[in-house]
Amino acid sequence: MIARTVSQKLGINIDHVATLRQARLGEEPSVLEAAIEAEQGGADSITVHLREDRRHIQDADVFELAEKIYVPLNLEMSVSAGILKIALKVSPEKACLVPEKRKELTTEGGLDLFSKRNPLIRTIDALLAKKVDVSLFIDPVEDQVREAARLGAYAIEIHTGSYANAVGKKKEKELLRIRRAARLGRELGLRVHAGHGLNYENIFPLLAVPEIIEFNIGHSIVSRAMFVGIARAVQEMKKIITSGKC
Ligand code: PXP
């Protein structure tokens, strides 16, 4: 049992429901139904990544989710003029800016906030003007955290992929980097989220990082849902997050 002071929230990324649908370019499984089931299981928000290559989530999914789900929609997006145009039309409650590469299997790392500054600043400012809570997906690097605060972001989402992939002593080191970045983020007034590669086991040490107020999890929950359904897969993760035990 892990002692914690604030209740941490759970955002569910349902991109891979769309991955399955796009395998046949058909109608099923329904992304909207998945979102509703995730809500029933206790999701605090629904995340979808509208990729430039549209490999899973499609524009129509984003508009439909924005209209029909009850919990906040978190739109993951790259810094791209075309995607920004759609985001401004959808006006989701939250947007998370991520790097994107055509050939990657999934987002491979955090944004470098020191490169491609002008489009980055334009994107952040345009979203903030629409009252969208902007989070920046960054590696647990202190300079990046400081820059996120300077850019006026509402939140950072700490990329936990390196932590998730590490083993042994390296895992401890990655955890320490996350702890330090989270503490600094909080000190600078940023909300601190975390995500990528998290599952029903490796999330435990992160529950004890009090600055992290939200986890965004996709692949492990959608995978578990294959066997128990989405609502229960979400409920199980939610129970871990709220009680610190399985
Ligand atoms: N957070 C961000 C910014 C992501 O890009 C992703 C993957 O789309 C996730 C969280 C969820 O990662 P996973 O599917 O590995 O749980």
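Everything below is about the structure printed above this text.
Thresholds applied
- Residues numbered from 1 in each chain as written.
- Predicted model: local features only at pLDDT ≥ 70, side-chain atom pairs only at ≥ 80, totals over all residues.
- Heavy atoms only, no water.
- Helix = DSSP H or I, 4+ residues; strand = E, 2+ residues; numbered from the N terminus.
- Buried < 20%, exposed > 50% of the residue type's maximum accessible area, 1.4 Å probe, protein only.
- Contact = heavy atoms within 4.5 Å.
- Lys, Arg positive; Asp, Glu negative; His and termini not counted.
- Charge placed at Lys NZ, Arg CZ, Asp CG, Glu CD.
- Axes fitted to C-alpha atoms, helices over the stretch in contact; angles between N-to-C directions.
- Parallel < 35°, antiparallel > 145°, perpendicular 65-115°, else oblique.
- Nonpolar A, V, L, I, M, F, W, Y, C, P; charged D, E, K, R; others polar.
- Salt bridge = Lys/Arg side-chain N within 4 Å of Asp/Glu carboxyl O.
- Polar contact = N/O pair within 3.5 Å; in protein donor to acceptor, adjacent residues only side chain to side chain.
- Near = heavy atom within 4 Å.
- Areas by Shrake-Rupley, 256 points an atom, 1.4 Å probe, with all protein chains shown as cover.

S.K.: Please give an account of the overall build of the protein that cites residues and values.
M.R.: A count of helices and strands for the protein gives eleven helices and eight strands. Its C-alpha atoms put the protein at 45 × 45 × 30 Å along the principal axes. Taking all 246 residues of the protein together, the buried fraction comes to 51%. Expressed as a percentage of contacts within the protein between residues at least 6 apart in sequence, the contacts between residues at least 24 apart total 68%. Charge-centre separation for the protein: the mean point of 36 positive side chains lies 4 Å from the mean point of 33 negative side chains.

S.K.: Give a detailed account of the packing of helix α4 (residues 81–90) against helix α5 (residues 117–129), specifying residues and quantitative values.
M.R.: The N-to-C vectors of α4 and α5 enclose an angle of 10 degrees; their axes lie 10 Å apart at closest approach. Judged by the inter-axis angle, α4 sits roughly parallel to α5. Contact with α4, carried on its side by Leu 84, Ala 87 and Leu 88, involves Thr 123, Ala 126 and Leu 127 of α5 and no other residues of that element. For the contact of α4 with α5, a count of residues per class yields five nonpolar, one polar and no charged.

S.K.: Describe in detail the pattern of salt bridges, supporting the description with residues and values.
M.R.: Tallying each qualifying case throughout the model produces 15 salt bridges. Of the charged contacts in the structure, one is a salt bridge between Glu 214 and Lys 94, with a shortest N-O distance of 2.7 Å. Taken together, the residues Glu 214 in strand β8 (residues 212–217) and Lys 94 in strand β4 (residues 94–97) connect sequence positions 120 residues apart. Side by side, Glu 214 and Lys 94 carry an identical accessibility label, which is buried.

S.K.: Explain the side chain of Gln 8 to me, using residue names and the numbers behind them.
M.R.: Assignment of secondary structure puts Gln 8 in the segment before β1 (9–13). A distance of 3.5 Å separates a polar side-chain atom of Gln 8 from the backbone oxygen of Leu 207. For Gln 8, the side chain forms a polar contact with the main-chain oxygen of Ile 212, separated by 3.0 Å.

S.K.: Explain the site of the ligand residue by residue, including any values.
M.R.: Around the ligand sit 14 residues in total, of which Glu 76, Glu 157, Gly 197, Gly 218 and His 219 are the nearest. A distance of 3.3 Å separates an oxygen atom of the ligand from a polar side-chain atom of Asn 13. Interatomic distance of 2.9 Å between a backbone N/O atom of His 219 and an oxygen atom of the ligand. Within the complex, 93% of the 400 Å² of free accessible area of the ligand lies under protein. Residues belonging to the shell around the ligand are distributed by class as follows: three nonpolar, eight polar and three charged.

Keep in mind these numbers describe shape, not what the thing actually does.
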